Amino acid sequence: MSFEDMILKASRANKSKIVLALDLENPDPNALVQKSLQTLKTVGTYICALKLNRQLVLSLGLRNGVDRIVRTAHELGLPTIMDAKINDVGHTNEFMMRSYIEAGFDGVIVSPVVGWEGGLDSVFHLAGSKGKAVILLVYMSNPGAEAFYSLEATPAKGNPKPVFELFAKMAAEWKANGVVVGATKPEIIARVRGLVGRHMAIFSPGIGAQGGDPKRALAAGADYLIVGRSIYAEADPSIAAARYRDLAM
Ligand code: BMP
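None of these values were measured; they are calculated from a predicted model. Sequence order sets the numbering: in each chain, residues are counted from 1 along the sequence as written. Restriction of local features to residues with pLDDT of at least 70 applies here, the model being predicted, together with a cutoff of 80 or more for giving and counting side-chain atom pairs; totals for whole chains, interfaces and linings are based on all residues. Hydrogen atoms and water are omitted, and side-chain values are computed over all heavy atoms in the structure.

(A) Quick peek at the overall build of the protein. Secondary structure elements follow DSSP: runs of H or I of four or more residues count as helices, runs of E of two or more count as strands, with numbering from the N terminus. Tallying secondary structure elements over the protein gives 12 helices and 10 strands in all. Radius of gyration (C-alpha) of the protein: 17 Å, near the 18 Å computed for a compact globule of 249 residues. With the C-alpha coordinates of the protein rotated into their principal frame, the extents come out at 50 × 40 × 35 Å. Contacts are assigned to residue pairs with any non-hydrogen atoms lying within 4.5 Å of each other. When contacts within the protein are restricted to residue pairs at least 6 apart in sequence, those whose partners lie at least 24 apart make up 67%. The accessible surface values rely on the Shrake-Rupley method and a 1.4 Å probe; as for residues, cover is taken only from the protein chains in view. Surface summary for the protein: the accessible area is close to 11300 Å², and the carbon and sulfur share equals 52%. In this tally, Lys and Arg are treated as positive and Asp and Glu as negative; His is ignored, and so are the chain termini. By convention, the point assigned to a charge is CZ for Arg, NZ for Lys, CD for Glu and CG for Asp. For the protein, the distance from the average position of its 28 positive side-chain charges to the average position of its 24 negative side-chain charges is 5 Å. The reference for a compact globule is 2.2 Å times residues^0.38; the radius of gyration itself is calculated from the C-alpha atoms.

(B) View of the site of the ligand. Close to the ligand lie 15 residues; D23, K51, S141, G228 and R229 are nearest. With respect to the ligand, the side chain of D83 contributes an N or O atom lying 2.9 Å from an oxygen atom. Q210 has a polar side-chain atom sitting 2.8 Å from an oxygen atom of the ligand. In isolation the ligand offers 480 Å² of accessible surface; the protein chains occlude 91% of this area. Secondary structure elements with two or more residues in the shell around the ligand: β2 (49–53), β3 (80–86) and β10 (224–227). By the convention adopted, Pro, Cys, Tyr, Trp, Phe, Met, Ile, Leu, Val and Ala count as nonpolar, Lys, Arg, Asp and Glu as charged, and the other residues, Gly among them, as polar. Taken together, the residues that form the shell around the ligand break down as 6 nonpolar, 4 polar and 5 charged. Summary of the distance rule: residues count as near a molecule or strand when at least one heavy atom falls within 4 Å of that molecule or strand. By the criterion applied in these results, polar contacts are pairs of N or O atoms within 3.5 Å in which, for protein atoms, one can donate a hydrogen and the other can accept it, and in which residues neighboring in sequence qualify only through two side-chain atoms.

(C) Structural detail: helix α6 (residues 116–130). One fitted axis covers the seven residues ending at a residue, a second covers the seven starting there, and the bend at that residue is the angle between these axes. Remark: the principal bend of α6, roughly 25 degrees, maps to S122. Note on classification: 1.4 Å probe, protein chains only; a residue is buried when its accessible area is under 20% of the maximum for its type, exposed when over 50%, partly exposed between these limits. Those residues of α6 lying buried are G119, L120, D121, S122, V123, F124, L126 and A127. At its buried positions, α6 is contacted by β3, α5 (90–102), β4 (107–110) and β5 (133–139). Backbone geometry just after α6 places G131 at a positive phi near 70 degrees.

(D) Here's a closer look at the pairing of strand β9 (residues 201–205). Summarising burial for β9: 5 of the 5 residues are buried, a large majority. Covered by surrounding structure in β9 are A201, F203 and P205 together with I202 and S204, the residues of both alternating faces. Any two strands with at least two DSSP-identified bridges between them are counted as paired. Across 3 bridges, the pairing between strand β8 (residues 178–181) and β9 is parallel. Its bridge partner being in β9, G178 is matched across the sheet by A201. Handedness of a crossover is defined as follows: with both strands directed away from the viewer, a clockwise route from the first strand across the helix to the second makes it right-handed. Handedness of the β8-helix α9 (residues 186–196)-β9 crossover: right-handed. By the bridge criterion, 3 bridges tie β9 to β10 in an arrangement that is parallel.

Dropping the structure here:
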């Protein structure tokens, strides 16, 4: 099943557009795995996918660590996204991508800054051959992101454009499976939607803890909302997850 079908299936089954960002911290790796599994199982029926960050990979490693969490997500019918923001030269990108695929991830987030040739070409080719998704980071949610993502740049062919518009076009050209655009800037989500077309999935982080509003992000064109602290850091993550699920329907 393609990544798009997997997330759509989970989204329909759980009536949810919420992707859980499980960014827990704990100096004790065993406690971290247990807490991650427990949180995931508690909120599993309120979300449509799981996103893990490098935090967990650094603390647990991929084998016998993060892969256990990935397996549990699959048992719950949830696709998994590795938020690696891959951004290096081709051969190291390919190594990272292969490692994440071997750990069981269904999709990986990459940064378009490094470009295609000798950069992300290897990642897209490997993902394509294994049926995995590549999601492009197009505009970040933090306040300082504007300084770079809205910067005007002149492409080799064409007129100056904000960097994020060039990234959105790259996503369409490279046939990415989705893009990430911060929920804190709904007007940017709307502009990206116009550039990537109706069918490209837009994932939007920055909901809740960073000030992004679920309804405004969805109205602007986001398909899925990425929520971390506003779910896992709450006293009862299942109540918080249910609340975000309902807000996003
Ligand atoms: P939180 O909901 O706790 O703010 O977490 C947001 C998650 O989305 C984090 O995992 C973060 O790395 C990620 N993220 C983000 O916040 N903004 C972006 O622009 C891109 C991200 O991947």
